[in-house]
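Residue strings, one per chain:
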Amino acid sequence: MQLFSDSSLIDGFIGAVAVLCVDGVVKWSKGVRLGTAKRYGVHKAEGMGEVLAMECLCEEEDKVIEGILPLGIDNRAAIATTASGKPGPGHYIWDIFHRRHRKARNTHPDFRLHINWTPGHVDIPGNEAADMAAKCAAQTGNFGGPLAVLTRLPFGKSALAQAHLRLLKKTATKEFMRSQCFARIKAIDPVLPSNKFRKLTAPLPRKHSSVLFQLCSQHVPLAKHLYCLNKSPSPTCPCCGSANETVDHFLHFCPTHQAARSRLYTTGRLARYTKHLLNTLSLLPTLFAYIQESGRFHAIYGDFKKIELPDNANSTR
Ligand SMILES: [Zn+2]
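As a starting point, this report considers the structure included with it.

Calculation notes
- Residues numbered from 1 in each chain as written.
- Predicted model: local features only at pLDDT ≥ 70, side-chain atom pairs only at ≥ 80, totals over all residues.
- Helix = DSSP H or I, 4+ residues; strand = E, 2+ residues; numbered from the N terminus.
- Rg over C-alpha atoms; globule rule 2.2 N^0.38 Å.
- Buried ≥ 20, exposed ≤ 12 C-beta atoms within 10 Å, placed from the backbone.
- Contact = placed C-beta atoms within 7 Å.
- Axes fitted to C-alpha atoms, helices over the stretch in contact; angles between N-to-C directions.
- Parallel < 35°, antiparallel > 145°, perpendicular 65-115°, else oblique.
- Left-handed = near helix turned anticlockwise from the far one by under 90°.
- Nonpolar A, V, L, I, M, F, W, Y, C, P; charged D, E, K, R; others polar.

1. Focus: the overall build of the protein
Alright, step 1. When helices and strands are tallied, the protein shows 14 helices and five strands.
Alright, step 2. On C-alpha atoms alone, the protein measures out to a radius of gyration of 31 Å, which is more than a quarter above the 20 Å that the 2.2 N^0.38 rule sets for 317 residues.
Alright, step 3. Taken along the three principal axes of its C-alpha coordinates, the protein extends 95 × 40 × 30 Å.
Alright, step 4. Here the protein holds 317 residues, and the buried ones make up 33% of them.
Alright, step 5. In the protein, once contacts between residues fewer than 6 apart in sequence are set aside, the share between residues at least 24 apart is 67%.

2. So, unusual backbone geometry
Alright, step 1. One non-glycine residue, Asp-11, lies in the positive phi region at around 55°.
Alright, step 2. Here Asp-11 lies in the loop between β1 (2-10) and β2 (13-22).
Alright, step 3. A residue is classified by how many C-beta atoms lie within 10 Å of it, and Asp-11, with 10 of them, is exposed.

3. Some details on the packing of helix α1 (residues 42-58) against helix α3 (residues 91-107)
The description of two helices packed together rests on the angle between their axes and the distance between the axes.
Alright, step 1. Remark: α1 packs on α3, axes separated minimally by 9 Å, with the N-to-C direction vectors making an angle of 15°. Considering their axes alone, α1 and α3 lie roughly parallel with respect to each other. As α1 packs across α3, the resulting crossing turns out to be left-handed. From α1, Lys-44, Gly-47, Met-48, Glu-50, Val-51, Met-54, Glu-55, Leu-57 and Cys-58 reach across to α3, where they touch Ile-93, Trp-94, Ile-96, Phe-97, Arg-100, His-101, Lys-103, Ala-104 and Thr-107.
Alright, step 2. Here the contact of α1 with α3 is composed, by residue class, of ten nonpolar, three polar and five charged.

Listed below in structure tokens is the structure:
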């Protein structure tokens, strides 16, 4: 006789199952659908699978079970928790398991449970059956008769925290995509919001990162934006007086900065395009050299020191 327990997360639901095999053939199985993945984690489901395995044994009253009885589990964390006496998340489930184990020993005093790690998807019949049954439990609900243990477990703390974090990220993304800022940034980086900007600016000092984001969002202390904030009497470029001082005008067209711009453009063709210039790590040192040389942000930010990129930072983000 062999026991296998397993859990599965499928279609957003978590299922746990135990399978009892005799001579390599599944005699019967017991499964439970815990609930949604927003409220329960796989770790708890693994513990619940072990509890169900003990329920299988308790219900085998008319059969003599003796000797070593293996319980195969394909989750090392669950095995470690079973043997641990330390309190931890969901440990009350393993307390139930130990109580069920003692009850099974009362029914079958001559067996010794041996929990071992069973690798998944290697054609061990009982384990494969447990895997399939766990998916079935997650998709269709409880099976295998009434459960002696509580079927509605308290919600998992970490699962709730992760679900809340996902909700916060989703809400923040929606808010960001509704903002005017997003429409401008999208032209620079169409995949925002993402972690790419954080990776791009990781080697930069805080001041450089800040100005880079301001240039991307066009919320930068140039005359056009300051005029929109009623902080400048005119949107016209104070350097040349020939056009509104936008980000594009500052970077590519203002004749006052032509000498600095020619040095900026020596870095390559991509430097001539705003979306590449603000989005390519290897171009950032010359971009900030250009900003420093132009002196446009000096009154607010002071000097922009020369930045050195790490050797492995030559790839674009
Ligand atoms: Zn100008």
